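One letter stands for each residue in the lines below.
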Amino acid sequence: MPLSFGVLGVNSRNLKYLSRKNKTLLDSKLSTKKVLQKAGLPVLKTLGIIQNQKELEKFNFESLPPSFVLKPDRGYGGSGILVLFSKKEGPIWIKADGQKVNVQDLKEHILEILEGRFSLKFLPDIAFFEERAKLIKELKPYTKRGIPDIRVIVYQNIPVMAMLRLPTIMSQGRANLHQGAIGVGIDLASGKTTHAIWLGKLIKYLPNTKYSLEGIQIPFFKDILKLAILAQKALGVKFAGIDIAIDREKGPVVFEANLRPGLSIQLANMAPLEKRLKMVKDLKVNSEKKGVKVAQELFGKEIAEEIVSKKVIGAVEPVEIIFNKGGKEEKIRVLAKIDTGAWRTAISFELAQKIDLSPEKMIGVRVVRSSLGEEIRGVFPLTFILGGEKIETEVFVARREKMQYEMIVGQRDLKKFLIDPSLIKKW
């Protein structure tokens, strides 16, 4: 599908959605983590912090676990992140591509971080070690190295887009797309993956495998969306990209938060982001539960397809009732009121007589409560055609002398339709 309409570009993102408030906070991974921890949100443990060369010389590298991640505090786009997977005697650690890293290699990399090589404005920075999340079995077939994460774009407490980011050997275990990771769009209603993008091109299968990247069910997906909203609220910004990993022991944890999330997520979802942002701009959502519900109703592919498949009918519709009289099938046409405020369809006594719906055909009774009190009504089987759909149901027979229509169709029989109150059809 063409994405030109409603696509969010870098300039538009920065001018319209980049929050000046708390900008300094979110540019620091460590400061962001402190705020999230204070709000009671799950994050990965910090194993050590090195702020200057003196601390670097004193740091005990042998205290580091077999697997960890080394990050620059103010790095951007995955630059400067080093993911190490296992430890050997020496001590020596192994990178995603199998290369060995010793203590001297780590020291040299940390010096580059301290000098600001990977920071946004090349200013002096801080290096820190972070625990590496433990890979869950559901995503293990799709990950050669590193830990996948789910990026959720949240705007004003509403998730508007999400994608699964799969690290590769090329990306050195990092989940950043421009480093060589794979981005896979996620349907917000079902939590299943849709389209995939790698190195700027659409792909269907995990490279060099027969694993389809479409239809992967993301575990804990609703919890992930809720956590993304809670993180955005805790950080005090309206717009952010929240990266969430699923740890085998801890469940969903916040990896990072981004004021300037990359825009390739639009290609992974084959959907324009700015169009979605405009749709929710004026909505007031306070709770994360409501935010998730709004997101799934507005942007869920499965829900959207279900809605598209439904027929639109008006407030008043012609109905064709099918009945048996004297052993012969007959039909009668009436105008019916479409009433979403009623649960069960009802017809008048007069109409019941016309279609030969005698008391012997009653299959039960129901007590109906209304503003007029309680009333006992008979329930009868009925078959009718509405909007081209044949409906076999059970209906009330009620007194409707003062009503304009001999039949009302209730919610129970309207599951295949969308109602447009402005449409009033006549014969």
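The preceding data block contains the structure.
So, a few notes on the structure that sits alongside this text.

Each value, and the rule that gives it
- Residues numbered from 1 in each chain as written.
- Predicted model: local features only at pLDDT ≥ 70, side-chain atom pairs only at ≥ 80, totals over all residues.
- Heavy atoms only, no water.
- Helix = DSSP H or I, 4+ residues; strand = E, 2+ residues; numbered from the N terminus.
- Buried < 20%, exposed > 50% of the residue type's maximum accessible area, 1.4 Å probe, protein only.
- Contact = heavy atoms within 4.5 Å.
- Lys, Arg positive; Asp, Glu negative; His and termini not counted.
- Charge placed at Lys NZ, Arg CZ, Asp CG, Glu CD.
- Salt bridge = Lys/Arg side-chain N within 4 Å of Asp/Glu carboxyl O.
- Phe/Tyr/Trp six-rings, centres within 6.5 Å; stacked < 30°, edge-to-face > 60°.
- Core = buried A, V, L, I, M, F, W, Y, C linked by side-chain atoms within 4.5 Å.
- Pairing = 2+ DSSP bridges.
- Axes fitted to C-alpha atoms, helices over the stretch in contact; angles between N-to-C directions.
- Arc of directions from axis to C-beta.
- Parallel < 35°, antiparallel > 145°, perpendicular 65-115°, else oblique.
- Left-handed = near helix turned anticlockwise from the far one by under 90°.
- Nonpolar A, V, L, I, M, F, W, Y, C, P; charged D, E, K, R; others polar.
- Patch = residues over 30% accessible without salt bridge, like charges linked within 9 Å, V, L, I, M, F, W, Y side chains within 5 Å.
- Areas by Shrake-Rupley, 256 points an atom, 1.4 Å probe, with all protein chains shown as cover.

Notes on the overall build of the protein chain
Helix and strand counts for the protein chain come out as 11 helices and 22 strands. Seen through its principal axes, the protein chain has C-alpha atoms that stretch 100 × 45 × 40 Å. Within the protein chain, the fraction of its 427 residues that count as buried is 51%. Put simply, of all contacts in the protein chain between residues at least 6 apart along the chain, 62% involve residues at least 24 apart. One finds the centroid of the 72 positive side-chain charges in the protein chain at a distance of 3 Å from the centroid of its 47 negative side-chain charges.

Concerning the pattern of salt bridges
Counted by the stated rule, this structure contains 14 salt bridges. Residue Asp243 pairs with Arg151 through a salt bridge whose shortest N-O separation is 2.7 Å. Note that Asp243 is positioned in strand S13 (residues 239-247) and Arg151 in strand S8 (residues 149-155), a separation of 92 residues in sequence. Comparing Asp243 with Arg151, the two get one shared label, buried. Arg165 serves as the salt-bridge partner of Asp243, at 3.2 Å between the closest nitrogen and oxygen.

Considering the packing of aromatic side chains
Counting across every chain of the model gives nine aromatic pairs. Arranged with centres 6.4 Å apart and planes meeting at 70°, the rings of Tyr155 and Phe239 form a pair that is edge-to-face. Here Tyr155 is found in strand S8, whereas its partner Phe239 is found in strand S13, with 84 residues between them in sequence. For the pair formed by Tyr155 and Phe239, the shared burial category is buried.

Digging into the nonpolar core
Generally speaking, nonpolar side chains in soluble globular proteins are found buried as a group. Within the largest apolar cluster, 70 residues are counted, with the highest numbers of intra-cluster contacts made by Val160, Leu213 and Ile242. Tallying contributions element by element places helix H6 (residues 221-235) first for this core, with eight residues. Setting aside anything within four residues of it in sequence, one finds Val160 in contact with Ile153, Tyr155, Leu188, Leu273, Arg276, Leu277, Val280 and Phe299. Ranked by size, the runner-up nonpolar core spans 23 residues in total, among them Ile338, Leu382, Phe384 and Leu414.

As for the sheet that holds strand S2 (residues 68-72)
Read from one edge of the open sheet, four strands run S1-S7-S2-S3, paired in antiparallel fashion. Edge strands, defined here as strands with exactly one partner in the open sheet, are strand S1 (46-50) and strand S3 (82-84). Taken pair by pair, the neighbouring strands of this sheet meet at an average axis angle of 15°, ignoring direction. Relative to S3, S2 runs antiparallel, the two being bridged by three bridges. Paired with Phe68 across the two strands is Leu84, which belongs to S3. The strands that helix H3 (residues 29-38) touches are S1, S2 and strand S7 (127-131); relative to S7, the one it contacts most, it runs at about 45°.

A short note on the environment of Pro167
Along the chain, Pro167 turns up in the loop between strand S9 (158-166) and strand S10 (182-186). In the structure, Pro167 is positioned 76 residues away from Pro91 in sequence and 25 Å away in space, judged by C-alpha atoms. Residues within four places of Pro167 in sequence aside, it is in contact with Thr143, Lys144, Arg145, Gly146, Ile147, Pro148, Gly173, Arg174, Ala175 and Ala181.

Some details on helix H8 (residues 273-280)
Residues lying three or four places apart along an α-helix face the same way, a consequence of the helix completing one turn every 3.6 residues. Of the residues making up H8, those classed as buried are Leu273, Glu274, Arg276, Leu277 and Val280. All buried residues of H8 project into a common sector of 160° when viewed along the axis, lining one side. In this fold, the buried residues of H8 make contact with helix H1 (10-17), S8, S9, S13, helix H7 (265-269) and helix H9 (288-299).

Examining the environment of Glu256
Take Glu256: it is sitting in strand S14 (residues 251-258). With residues near it in sequence (within four places) discarded, Glu256 still touches Lys29, Lys71, Ile81, Gly241, Ile242 and Asp243.

Quick word on the packing of H6 against H9
Where H6 contacts H9, the axes come no closer than 9 Å and their chain directions differ by 120°. With respect to their mutual orientation, H6 and H9 come out oblique. For the element pair H6 and H9, the recorded crossing hand is right-handed. Across the interface between the two elements, Lys222, Leu225, Lys226, Ile229, Leu230 and Lys233 of H6 pack against Glu288, Gly291, Val292 and Gln296 of H9. Across the contact of H6 with H9, the residue classes tally to four nonpolar, two polar and four charged.

Focus on the sheet that holds strand S5 (residues 92-94)
Across the sheet, three strands lie side by side as S4-S5-S6; this open sheet has antiparallel pairing. The open sheet terminates on both sides in strands that have one partner only, identified here as strand S4 (86-88) and strand S6 (100-102). Here the strands of the sheet are splayed against their neighbours by 35° on average, with no regard to which way each runs. Note that S5 and S6 share three bridges and pair antiparallel. When the bridges of S6 are listed, Trp93 appears paired with Val101.

Description of a positive patch on the surface
On the surface, a cluster of positive charge is made up of Lys222, Lys226, Lys289, Lys290 and Lys293. The leading source of residues in the positive patch is H9, at three residues. Looking at the secondary structure, you find Lys290 in helix H9. By relative accessible area, which is 44% here, Lys290 ends up partly exposed.

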